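If you want the building blocks of each chain, they are given just below.
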Amino acid sequence: MNTYRDSSKLLAPLLSKKNGPGLKALAFGGKNKAPTKAVFACVSHTLRCRGVIDSVLGRVSAENNVDVLKDIRDRALGYVLLYELLLGPYKSIRGGGGVKRSIMKHEKDLRSALSHLAAHGDAATKNHIETSTEDSSNSSVSTSHWPKYVRVNTLKTSLETAVASAQSFLGSENVSLHNVLDNLLAISPTVNNLYEWDLVKSGEVVIQDLSSCLTAAALAGGEGTTKWWDNSKTNVFLDACAAPGNKTTHLAALVNQASSKKTSNKVVALDRSGDRIKILQKRVSLLAPGEVVEPVHLDFLKTESNDSRFSKLKAILLDPSCSGSGIVNSPDRGGEEDTPERLSSLSNFQLLALLHSLSFPQVDYVAYSTCSINDEENEAVVSKALQEVNEGLEGGEVWELRKPLVLNTWTRRGKVVEGLTEEQAACLCRCNPFDGDETNGFFVSYFVRAKVPKSGDLYTNSVASNSSALKVPVYKAGMFKDRVRGDKGKKKKVKSDQHNDNDNSNSNKRKAETTTTTNSKKTKWTEDTKTDGQKPSVQKPPATKMSKKAAKKNAYKAKQREQKLARLNKKKADVAVKK
Ligand SMILES: C[S@@+](CC[C@H](N)C(=O)[O-])C[C@H]1O[C@@H](n2cnc3c(N)ncnc32)[C@H](O)[C@@H]1O
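About the criteria used
- Residues numbered from 1 in each chain as written.
- Predicted model: local features only at pLDDT ≥ 70, side-chain atom pairs only at ≥ 80, totals over all residues.
- Heavy atoms only, no water.
- Axes fitted to C-alpha atoms, helices over the stretch in contact; angles between N-to-C directions.
- Helix = DSSP H or I, 4+ residues; strand = E, 2+ residues; numbered from the N terminus.
- Parallel < 35°, antiparallel > 145°, perpendicular 65-115°, else oblique.
- Left-handed = near helix turned anticlockwise from the far one by under 90°.
- Contact = heavy atoms within 4.5 Å.
- Nonpolar A, V, L, I, M, F, W, Y, C, P; charged D, E, K, R; others polar.
- Pairing = 2+ DSSP bridges.
- Phe/Tyr/Trp six-rings, centres within 6.5 Å; stacked < 30°, edge-to-face > 60°.
- Buried < 20%, exposed > 50% of the residue type's maximum accessible area, 1.4 Å probe, protein only.
- Near = heavy atom within 4 Å.
- Polar contact = N/O pair within 3.5 Å; in protein donor to acceptor, adjacent residues only side chain to side chain.
- Areas by Shrake-Rupley, 256 points an atom, 1.4 Å probe, with all protein chains shown as cover.
- Salt bridge = Lys/Arg side-chain N within 4 Å of Asp/Glu carboxyl O.
- pLDDT = per-residue confidence, 0-100.

Undergrad: I tried to follow the packing of helix 1 (residues 3-16) against helix 5 (residues 75-86) on my own but got confused; where do I start?
TA: Geometry of a packed helix pair, given as the angle between the helix axes and the separation of the axes. One can describe the packing of helix 1 onto helix 5 by two numbers: an axis separation of 7 Å at closest approach and a directional angle of 115°. Considering their axes alone, helix 1 and helix 5 lie roughly perpendicular with respect to each other. Viewed along their axes, helix 1 and helix 5 form a crossing whose handedness is right-handed. Where helix 1 approaches helix 5, its residues Tyr4, Ser7, Ser8, Leu11, Ala12 and Leu15 are matched on the opposing element by Ala76, Leu77, Tyr79, Val80, Leu81 and Glu84. Residues of the contact of helix 1 with helix 5, tallied by class, amount to nine nonpolar, two polar and one charged.

Undergrad: Got a minute to help me understand the sheet that holds strand 1 (residues 148-152) in this structure?
TA: In a beta sheet, neighbouring strands are held together by backbone hydrogen bonds and run either parallel or antiparallel to one another. Taken together, the four strands give an open sheet; going across it, the order is 2-3-1-4, and neighbouring strands pair in antiparallel fashion. At either margin of the open sheet sits one strand with a lone partner, and together these are strand 2 (175-177) and strand 4 (205-207). Going from strand to strand, the sheet's axes swing by 30° on average, the running direction of each strand aside. Summarising the sheet, strand 1 and strand 4 pair through three bridges and their orientation is antiparallel. By the bridge assignment for strand 4, Val152 is matched with Val205. Where helix 9 (residues 159-170) meets the sheet, it contacts strand 1, strand 2, strand 3 (184-187) and strand 4, and its direction lies at approximately 155° from that of strand 2.

Undergrad: Would you mind showing me how to read the packing of aromatic side chains here?
TA: Describing an aromatic ring pair means giving the distance of the ring centres and the angle of the ring planes. Counted by the stated rule, this structure contains eight aromatic pairs. An angle of 15° between the planes, with centres 3.9 Å apart, marks the rings of Trp228 and Tyr365 as stacked. Taken together, the positions of Trp228 in the loop between helix 11 (214-221) and strand 5 (236-239) and Tyr365 in strand 9 (residues 365-370) put the pair 137 residues apart, joining distant regions of the chain. Taken individually, Trp228 and Tyr365 each receive the classification buried, so the pair is uniform in this respect.

Undergrad: Would you take a moment to explain the pairing of strand 9 for this structure?
TA: Looking along a regular strand, one sees side chains alternate from face to face of the sheet. Strand 9 sits mainly inside the fold: six of its six residues count as buried. Burial of strand 9 is two-sided: the residues Tyr365, Ala367 and Ser369 facing one way and the residues Val366, Tyr368 and Thr370 facing the other way are all buried. Alignment of strand 8 (residues 313-318) against strand 9, held across four bridges, turns out to be parallel. Within strand 9, the residue paired with Ala315 across the bridge is Tyr365.

Undergrad: Looking at this structure, how should I read the environment of Ala450?
TA: Mapped onto the elements, Ala450 comes out in the loop between strand 12 (442-449) and helix 17 (463-470). Residue Ala450 is classed as partly exposed on the basis of its relative accessible area, which comes to 30%. For the pair formed by Ala450 and Val398, sequence separation is 52 residues and the distance between their alpha carbons is 5.6 Å.

Undergrad: Would you mind showing me how to read the site of the ligand here?
TA: Residues in close proximity to the ligand total 20 residues, the closest being Lys247, Asp271, Arg276, Asp299 and Asp319. Asp299 places a polar side-chain atom, nitrogen or oxygen, 2.7 Å from a nitrogen atom of the ligand. Contacts to the ligand include Phe300, whose backbone N or O atom sits 2.8 Å from a nitrogen atom. Bound to the protein, the ligand loses 94% of the 610 Å² it would expose on its own. In the shell around the ligand, the residues fall into nine nonpolar, four polar and seven charged.

Undergrad: Quick question: what am I supposed to make of the pattern of salt bridges here?
TA: Pairs can form between side chains of opposite charge once their charged atoms are near each other. This model, assessed by the stated rule, comprises 20 salt bridges. Between Arg94 and Glu84 there is a salt bridge, with its nearest N and O atoms 2.9 Å apart. You can see Arg94 sitting in the loop between helix 5 and helix 6 (98-104) and its partner Glu84 sitting in helix 5, a full ten residues away along the chain. Residue classification places Glu84 among the buried positions, given a relative accessible area of 3%. Close ionic contact of Glu400 with Arg402 constitutes a salt bridge, the shortest N to O distance being 2.9 Å. For Arg402, a relative accessible area of 7% puts it in the buried group.

Undergrad: Hey, could you run me through the environment of Asp364 in this one?
TA: In this fold, Asp364 is placed in the loop between helix 14 (340-358) and strand 9. Here the alpha-carbon distance between Asp364 and Leu313, two residues 51 residues apart in the chain, equals 9.0 Å. Beyond its immediate stretch of four places on either side in the chain, Asp364 contacts Lys314, Trp399, Phe447, Val448, Arg449, Lys451 and Val452.

Undergrad: How do you make sense of helix 11 when you look at a structure like this?
TA: Because each turn of an α-helix spans 3.6 residues, side chains separated by three or four positions end up pointing in the same direction. The element helix 11 is largely enclosed, with a buried count of eight among its eight residues. Of all the positions in helix 11, only Leu214, Thr215, Ala216, Ala217, Ala218, Leu219, Ala220 and Gly221 are classed as buried. For helix 11, the secondary structure elements touched by its buried residues are helix 12 (246-255), strand 8, strand 9, strand 11 (429-431) and strand 12.

Undergrad: Looking at this model, I keep getting lost on the confidence of the model for the chain. Mind explaining?
TA: Close inspection of predicted coordinates is inappropriate for parts of the model with low pLDDT. Overall, the prediction assigns the chain a mean pLDDT of 83, with 79% of residues at 70 or greater. A low-confidence stretch, residues 134-139 (pLDDT under 50), is modelled with 20 contacts involving residues beyond four sequence positions or located in other chains. The low-confidence segment residues 486-523 (pLDDT under 50) makes 90 contacts with residues lying over four places distant or belonging to another chain.

Undergrad: Would you take a moment to explain the side chain of Ser445 for this structure?
TA: For Ser445, the position within the fold is in strand 12. Judged by its relative accessible area of 1%, Ser445 is buried. Apart from the residues within four sequence positions on either side, Ser445 is in contact with Val366, Ala367, Tyr368, Val382, Leu401 and Leu428.

Right, here's the structure in full:
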């Protein structure tokens, strides 16, 4: 197997045909053997970075009068290698060959063009370089030490019951309370039997990534412990893009918590996809009593504020379709190319949906989130929405960003982009899996009408008091790291039964058993001799027979070396860019 050669074969038709089948269709839809994970990721990243590569080539041509791809017959291979050199996780081309040699002649000019674009390019290019670089390292983020997050479904059980059951079924040493959110357990990644836990089966607890819990928390706990809804009545909340329903049921749990009243608050859950609303219905039937969630198959953009279902509406949770570029630990991620066109179409839709949410006159609270790390889908959408929506509004009707009090200890905040002040950016929350957040990349914003008095609440969560009452530790970042490390070299499997928005789907169960070791032992990173008519400079090592155990150990060591090299190269590249 030759990763570069196979990647160029898969990429070639995608580069040449505008309206042909997409990457997924080509990779998995034809008669040919499906590509390996490494090939698929390489092509997917190269496609996503195509716009940046073209800009770099354009600048080198203008500044140095050089057409880098002129003598390269296999243009697709040229793009793959340019991606590897400039934006890939190693910032270098592994292996060798004629195309590599052609490209490396211009390495200095190429890097300098990239640095120039990163510093002086238009906002979209700069953002794309930044996120492409972050994104391309998706595959190199190690998530094996991240805890598994389990949300206690307070619609069906209590924290006390869940903790006692977790301690007895999973082992006390594997259970902790998450330090930021109430009712969230952080379970040791070495636990392999979460799906066999009867509380998971009964829906009393939900396997849900930490990042995915932030939106409902922000909306329902934005004012801290001060509850703005009137619990003597039935209040209606809207989840505008709801399926598969993780945030819907979380919101339903939060707005019905500690309520002694007889009637329930209700979440109306919309989704425009018929198939996905069915998944939501199934999920809801397990997780929530009938009256607290009302699933509706409907396009949110076609809803009207005077619809009788929304007469008591006060708050909207908006978690629309996005690129998913923050999701680092799902094999399903990486299918669609984040071309500038796709990002722009997504952000247009996100802006429309956000403006629509803010247009309901009876609504005073909106939480907008994505599982993307692209500014274009996050701060840029928020900034444009604020400008547009406030244009026709006056006084108390004006929308403003506020810090959700329930997340006041969350340290990673939003970015300052055009139209947003530092103070506004500080109201936003981000998760960065590349920088130690131990959860998928995510973004949350919380909009409130100016007329709503600011809560004087200095919110403190109940984690510390619950921890001492229930005799369960509070989670600290990296708490389980040593356990995972301590197992290195042993024949050990880690179930990845979590970590994306569809955490509870059957497909996730199916993909559960993945080894912690890498498949890189099978990967060869050289060009095809035939594609360029020259011999590759790296020869295949002689085949040797080794025991399975030794092969695993070698693969593990190779992975460690690769990661070390990646870190080193990243540092070098960062220094080069700064220079
Ligand atoms: C990111 S997913 C939502 C995930 C969900 N919030 C959760 O946590 O389980 C986005 C959803 O929005 C739905 N969607 C996209 N456009 C929509 C629209 N115009 N109206 C309603 N739903 C829409 C998609 O079908 C998809 O199910």
